Amino acid sequence: MNLGAWARSVPLVSTSTTSSSASTRSRNPLTAITRIPFGWQVLIGLVLGIVLGLVAAQMGPVAETEANPDGANWLTTTLDTIGTIFVTLLKALVPPLIFLAIVTSIANLRGVTNAARLAGKTLLWFGITSLIAVSIGIALGVLTTPGANSQVSADSAEASSTQGGWLDFLTGLVPSNFLGITGSAGDDGSVSLSFNALQILVISIAVGIAVLSVGEKAEPFLKFTGSALEIVQKLLWWVIRLAPIGTIGLLGNAVASYGWDAIGQLGVFTLDVYVGMLIVLLVVYPILLKVNGLSIGSFFRGVWPATSLGFVSRSSLGTMPMTQTVTERMGVPRHYASFAIPLGATTKMDGCAAIYPSLAAIFVANFYGVPLGVTDYLLIVLVSVLGSAATAGMTGATVMLTLTLSTLGLPLEGVGLLLAIDPILDMGRTALNVTGQSLVGVIVAKREKILDQDTYDAAARTSFQAIQAEQKAEADAVERAESDGATAASTDASEATDAREAAGTRA
């Protein structure tokens, strides 16, 4: 082959190789998956979770062994492991997230003249929406008597290991240590550590107030907490990206472990809970928005990413960065959103602390044949409005239920009757929680005339990737501004040095 022919053949080989390489890349399944919008990834996870859960249920249990006392088959075990790892990752980031977010948000309020008024109105609206939600729950329970119509076996009655009482709630406000961490010893001598989200909240508020009192001397600490919060939120975003996979495990294990039989046995109760949540979400919230002169469509388009993520993650605290982001994107100032959303993530629970415990308490009373009077219903309202802070943490609904049952004097063993469907209910409860947290932020901002109305009216449904891209662009802009400032300062210092040297030379 002569040189000319060889030279002409080279581009052809290169082009073919490049084309083949591009074709290989385009066929890479991981690349194709990452291009799917996050919302669709979650939906696919939901479908796969149900399908795999049904398959695991059809496979049935295996022989019980010491390593597998429950007799779960390999697919059920795999689904359970995937879901557990996802929730564990969320739990690991919750303590630093609460502390850093609350301290930073309180510090952000130092330049706001009406900070106390904003805080008071936020708590007031938390109470108003909780009162409406619990009233709806009680009304549904009285009309349908879910416990009287259930087919659940009394053998499943079992007191929860996580319980709440008024004395426990009050004493739990006092931190046992600065980190809000408690340890417990197992029968095998092992020691497990857990955190108390409510104690961490108390510690964070105290530190935040102390930072305000110290003033300028606390600036280095504030820079550290602000930087640490960015790091923790970045880690949390990475965990949230695993939500579709976590959904497969969580929902699949729920279906495999309990199947549809549990839902059938508790059908009226399950329907009551979801109907109550839908009434609050699609009737009460729109009415409150309209009364305050806010567009209903703009709110639901704007809050959708947080609502859908809350449904999947089943953690108000884990969804908190997304909730705050969408609230700010709807025109709520950052200095207020960074205070209201972390506070709401630990205390504002229309699903877990209002609708669910009210219906569950009525269910338990119906099941055991205990009549409830007007005083009992008023107590349910009181517990839901004042005791919602007891729901802080990953087991919030269970704590709130035991707190309600103990207040009414109902058997705590009734908690076990409802545990079989708790994962299915928890998805809807969390979605309602995070939507309500954003709603209060928007309403208070509107009433206090600090809401950017144009931004709110222009709110559009946004993808997960778009929010991440916007946050990255904002962080890059801040970094460039700081870099430009440092460069300018360095230039000024260099010019000053040159001027001093020139002055010295002339002297």
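Residues numbered from 1 in each chain as written. Predicted model: local features only at pLDDT ≥ 70, side-chain atom pairs only at ≥ 80, totals over all residues. Heavy atoms only, no water.

The name an unreviewed UniProt entry gives the chain is Sodium:proton antiporter, with Brachybacterium conglomeratum as the organism. Heading Subcellular location (unreviewed entry) of the UniProt record for the chain holds this comment: "Cell membrane". (UniProt positions renumbered as here; feature names shortened; annotations may be inferred.)

Novice: When you look at the overall build of the chain in this model, what are you seeing that I'm missing?
Specialist: Assigned secondary structure in the chain consists of 21 helices and 2 strands. Burial statistics for the chain: of 507 residues in total, 46% are counted as buried. Expressed as a percentage of contacts within the chain between residues at least 6 apart in sequence, the contacts between residues at least 24 apart total 83%. (Helix = DSSP H or I, 4+ residues; strand = E, 2+ residues; numbered from the N terminus. Buried < 20%, exposed > 50% of the residue type's maximum accessible area, 1.4 Å probe, protein only. Contact = heavy atoms within 4.5 Å.)

Novice: Would you explain the confidence of the model for the chain in this entry?
Specialist: Segments scoring low in pLDDT should not have their predicted coordinates read at a detailed level. A residue-level look at the chain finds 70% of positions with pLDDT of 70 or above and a mean pLDDT of 77. Across the chain, the secondary-structure element scoring lowest on mean pLDDT is helix 1 (residues 3–26), at 48, and the one scoring highest is helix 11 (residues 267–291), at 93. In this model residues 6–20 is a low-confidence stretch, pLDDT under 50, and it forms 2 contacts with partners more than four residues away in sequence or in other chains. (pLDDT = per-residue confidence, 0-100.)

Novice: Where do I start with the nonpolar core in this structure?
Specialist: Most often, soluble globular proteins have nonpolar side chains that are buried together. Counting residues in hydrophobic clusters, the biggest one holds 103 residues, and the most contacted among them are Phe-269, Val-280, Phe-299, Tyr-356, Leu-418 and Tyr-456. Among the elements that line this core, the one with the most residues is helix 4 (residues 74–108), at 13 residues. If near-sequence neighbours (up to four positions away) are discounted, Leu-418 is found in contact with Leu-266, Phe-269, Tyr-356, Ala-360, Phe-363 and Leu-401. One finds Met-349, Val-383, Met-400 and Leu-403 within the second-largest nonpolar core, a separate group that totals 6 residues. (Core = buried A, V, L, I, M, F, W, Y, C linked by side-chain atoms within 4.5 Å.)

Novice: I tried to follow the pattern of salt bridges on my own but got confused; where do I start?
Specialist: Pairs can form between side chains of opposite charge whenever their charged atoms are close. Tallied over the full model, the rule gives 5 salt bridges. Across the pair Glu-448 and Arg-117 runs a salt bridge whose closest N-O atoms are separated by 2.8 Å. Taken together, the residues span a long stretch of sequence, with Glu-448 in the loop between helix 19 (422–447) and helix 20 (453–457) and Arg-117 in helix 5 (residues 115–144) at a distance of 331 residues. Arg-334 is the partner of Glu-328 in a salt bridge, and the nearest nitrogen-oxygen pair spans 3.1 Å. Look at Glu-328 and you get buried, because its relative accessible area is 18%. (Salt bridge = Lys/Arg side-chain N within 4 Å of Asp/Glu carboxyl O.)

Novice: Explain the environment of Leu-317 to me, please; I cannot follow it from the model alone.
Specialist: Within the secondary structure, Leu-317 is located in the loop between helix 12 (296–313) and helix 13 (320–329). The buried category is assigned to Leu-317, whose relative accessible area is 3%. Sequence separation between Leu-317 and Leu-90 is 227 residues, and the spatial gap between their C-alpha atoms is 8.5 Å.

Novice: I tried to follow the packing of helix 11 against helix 15 (residues 351–367) on my own but got confused; where do I start?
Specialist: Helix-helix packing is characterised by the crossing angle of the two axes and by the distance between the axes. Taken N-terminus to C-terminus, the directions of helix 11 and helix 15 make an angle of 150°; their axes are 10 Å apart at the nearest point. The angle between helix 11 and helix 15 falls in the class roughly antiparallel. Handedness of the helix 11/helix 15 crossing: right-handed. Note on element contacts: helix 15 touches helix 11 through Ile-355, Tyr-356, Leu-359, Ala-360 and Phe-363, opposite Phe-269, Asp-272, Val-273, Gly-276, Met-277 and Val-280. Looking at the contact of helix 11 with helix 15, its residues break down into 9 nonpolar, 1 polar and 1 charged. (Axes fitted to C-alpha atoms, helices over the stretch in contact; angles between N-to-C directions. Parallel < 35°, antiparallel > 145°, perpendicular 65-115°, else oblique. Left-handed = near helix turned anticlockwise from the far one by under 90°. Nonpolar A, V, L, I, M, F, W, Y, C, P; charged D, E, K, R; others polar.)

Novice: In this structure, what is going on with a nonpolar patch on the surface? I would like to understand it.
Specialist: A contiguous nonpolar surface patch, about 870 Å² in accessible area, is contributed by Trp-40, Leu-43, Ile-44, Val-47, Leu-48, Val-51, Val-55, Met-59 and Trp-74. The element contributing the most residues to the nonpolar patch is helix 3 (residues 38–59), with 8 residues. Here Trp-74 lies in helix 4. Overall, Trp-74 belongs to the exposed group, its relative accessible area being 58%. (Patch = residues over 30% accessible without salt bridge, like charges linked within 9 Å, V, L, I, M, F, W, Y side chains within 5 Å. Areas by Shrake-Rupley, 256 points an atom, 1.4 Å probe, with all protein chains shown as cover.)

Novice: Would you take a moment to explain the packing of aromatic side chains for this structure?
Specialist: Aromatic ring pairs: the centre-centre distance and the angle between the two ring planes describe each pair. Across all of its chains, the model carries 5 aromatic pairs by this definition. A centroid spacing of 6.1 Å and a plane angle of 65° characterise the contact between Phe-269 and Tyr-356, whose relative ring orientation is edge-to-face. Here Phe-269, found in helix 11, pairs with Tyr-356, found in helix 15; they are 87 residues apart in sequence, far enough to count as distant. It is Arg-429 that lies over the ring of Tyr-356; its NZ or CZ is 4.3 Å from the centre. (Phe/Tyr/Trp six-rings, centres within 6.5 Å; stacked < 30°, edge-to-face > 60°. Lys NZ or Arg CZ within 6 Å of the ring centre and 35° of its normal.)

Novice: Just checking my understanding: could you explain the environment of Ile-85 for this structure?
Specialist: Position of Ile-85 among the secondary structure elements: in helix 4. Taking the C-alpha atoms as reference points, Ile-85 and Gly-249, 164 residues apart in sequence, are found 9.2 Å from one another.

Novice: Help me understand the environment of Pro-175, please; the structure alone is not making it clear to me.
Specialist: Within the secondary structure, Pro-175 sits in the loop between helix 6 (166–172) and strand 1 (181–185). Taking the relative accessible area as the measure of exposure, Pro-175 reaches 31% and is therefore partly exposed. Sequence-wise, Pro-175 and Ile-200 are 25 residues apart; in three dimensions their C-alpha atoms are separated by 7.6 Å. If we skip the residues at most four places from it in the chain, Pro-175 touches Gln-199, Val-202 and Ile-203.

Novice: Help me understand the side chain of Ser-384, please; the structure alone is not making it clear to me.
Specialist: By the secondary structure assignment, Ser-384 is in helix 16 (residues 374–386). Of the polar contacts made by the side chain of Ser-384, one reaches the backbone oxygen of Ile-380; its length is 3.0 Å. Beyond its immediate sequence surroundings of up to four residues, Ser-384 is in contact with Ser-130, Val-134, Ala-353, Ala-354 and Met-400. (Polar contact = N/O pair within 3.5 Å; in protein donor to acceptor, adjacent residues only side chain to side chain.)

Novice: Before we go on, may I ask you to explain helix 14 (residues 334–347) in this structure?
Specialist: A turn of α-helix holds 3.6 residues, and therefore any two residues three or four places apart point the same way. Relative to the 20 Å expected for 14 residues at 1.5 Å per residue, helix 14 spans 20 Å between its end C-alpha atoms, a close match to the ideal helical length. Of all the 14 residues making up helix 14, 12 are buried; the element is thus mostly covered by neighbouring parts of the structure. Within helix 14, the full set of buried residues consists of Tyr-336, Ala-337, Ser-338, Phe-339, Ala-340, Ile-341, Pro-342, Leu-343, Gly-344, Ala-345, Thr-346 and Thr-347. (Expected span 1.5 Å × (residues − 1).)

Novice: I would appreciate a short explanation of unusual backbone geometry in the present structure.
Specialist: Among all residues save glycine, negative phi is the norm, and among peptide bonds the norm is trans. If you check the backbone angles, Thr-145 has positive phi at about 40° while not being a glycine. By secondary structure assignment, the location of Thr-145 is in the loop between helix 5 and helix 6. For Lys-449, which is not glycine, the phi dihedral falls at a positive 60°. If you trace the backbone, Lys-449 turns up in the loop between helix 19 and helix 20.

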